[in-house]
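Coordinate analysis (summary)
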Amino acid sequence: MITERELRDAVEGDIVRVDEQALLTPLAEDILRERGIKLERARRRTAARRRKIALGADHGGFEMKEVVKRLVADLGHQHQDFGTHSTDAVDYPDYAHLVARAVARGACDLGIVVDGAGIGSCMVANKVPGVRAAMCYDEASARNSREHNGANVLTLSGKTSPELLRKIVTAWLASELTEDRHKRRVAKIDAIEREYSK
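Residues numbered from 1 in each chain as written. Predicted model: local features only at pLDDT ≥ 70, side-chain atom pairs only at ≥ 80, totals over all residues. Heavy atoms only, no water.

1. Here's the deal with the nonpolar core
We apply this condition: Nonpolar cores are built from buried Ala, Val, Leu, Ile, Met, Phe, Trp, Tyr and Cys residues. Side-chain atoms within 4.5 Å join them into one set. For every residue, the accessible area obtained with a 1.4 Å probe (protein chains only) is divided by the maximum for its type, and the residue is called buried under 20%, exposed over 50%, and partly exposed between those limits. The helix and strand labels rest on DSSP assignments: H or I over at least four residues marks a helix, E over at least two residues marks a strand, and numbering proceeds from the N terminus. In what follows, a contact means two residues having at least one pair of non-hydrogen atoms within 4.5 Å.
Of all hydrophobic cores here, the largest spans 24 residues; its most connected members are Ile112, Leu154, Leu156, Val169, Trp172 and Leu173. Among the secondary structure elements, those contributing two or more residues to this core are strand S3 (52-57), helix H3 (62-74), strand S5 (110-115), strand S7 (153-157) and helix H7 (162-174). The greatest single-element share of this core, amounting to six residues, is contributed by H7. Not counting the four nearest positions on each side in its chain, tryptophan 172 is found in contact with Leu110, Gly111, Ile112, Ala142, Ser145, Arg146, Ala151, Asn152, Val153 and Leu154. Judged by nonpolar contacts, the second largest core, of 16 residues, contains Ala54, Phe82, Ala96 and Ala100.

See below:
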């Protein structure tokens, strides 16, 4: 459902891409007409292109990382597993850093890290220049993190059910940063990062 809330930042001439089955509220339709905003309906694609995904987890996320590993392969992507490789206690910053560094250096296209809550790994990954990590908890936040924020690392809680985890990862990998208004905002995030890395 597309409401006026999703369109509040759109300006004249913008093209808003929505799922082919999305419904619009009457107020959203009015805003499109009044502002001359174009609506483009697109079919969601699973595994739009083959990517190399960096995977990592601590002991609390190990089992779910193994689920993600199989899913990534099923969706047609390659992966590189940075560990951990068991449920023996380890420190999540070590594995989140390995994944984030692989993405920042271009060795992998995207990264996924699973720890106990997903929060710590997100904090670690976001310390690495060039990384925009997002901790996602449902399909909507996964899509938003990619489409609006250009997230290149996904962090997850190891306590997430396998079914929900599959939905989150599938939505995240199928989404892209495509709209100019969102690209403009992500460029501002990158500019802020550069300001503090001098």
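2. Here's the deal with the packing of aromatic side chains
To be explicit about the condition: Whether two aromatic rings pair depends on their centres lying within 6.5 Å, for rings of Phe, Tyr and Trp, where Trp uses its six-membered ring; planes under 30 degrees apart make the pair stacked, over 60 edge-to-face, and the rest tilted. Remark: a charge is flagged as sitting over a ring if the NZ atom of Lys or the CZ atom of Arg is within 6 Å of the ring centre and within 35 degrees of the ring normal.
Using the criterion set out here, one finds zero aromatic pairs in the structure. A cation over an aromatic ring shows up here: arginine 146 above the ring of tryptophan 172, its NZ or CZ 5.3 Å from the ring centre.

3. Examining the sheet that holds S7
Basically, it comes down to this: When DSSP finds two or more bridges between two strands, those strands count as paired. Fitted lines through C-alpha atoms give the axes, limited to the stretch in contact for helices. The angle between two N-to-C directions lies from 0 to 180 degrees.
Read across the sheet, five strands follow the order S4-S3-S5-S7-S6 without closing on themselves; strand pairing throughout is parallel. Sheet topology places strand S4 (78-81) and strand S6 (133-135) at the edges, where each strand pairs with a single neighbour. For this sheet, the mean angle separating the axes of adjacent strands, direction not counted, is 25°. Pairing between S6 and S7: three bridges, direction parallel. Residue pairing for S7: methionine 135 is matched across the bridge by threonine 155.

4. A few points about the pattern of salt bridges
What counts is decided by this rule: By salt bridge we mean one thing: a side-chain nitrogen of Lys or Arg within 4 Å of a carboxyl oxygen of Asp or Glu.
For the structure on display, the rule yields 10 salt bridges. The salt bridge involving glutamate 66 is made with lysine 69; its shortest N-O contact spans 3.4 Å. Taken together, the residues glutamate 66 and lysine 69, both in helix H3 and three residues apart, mark about one turn of the helix. Here the salt bridges share partners, and the residues they tie into one network are Lys65, Glu66, Lys69 and Asp81.

5. Structural notes on the pairing of S7
Along S7, five of the five residues are buried, which leaves the element largely enclosed by surrounding structure. Side-chain alternation along S7 places Val153, Thr155 and Ser157 on one buried face and Leu154 and Leu156 on a second face that is also buried. Across five bridges, the pairing between S5 and S7 is parallel. Pairing of valine 113 across the sheet is with threonine 155, part of S7.

6. A short note on H3
Operational definition: Helix span, expected: 1.5 Å multiplied by one less than the number of residues in the helix.
Along its 13 residues, H3 runs 19 Å from first to last C-alpha, staying within 8% of the 18 Å computed at 1.5 Å per residue. Buried-residue contacts for H3 involve S3, S4, S5 and H7. A positive phi of about 95° marks glycine 76, the residue just after H3.

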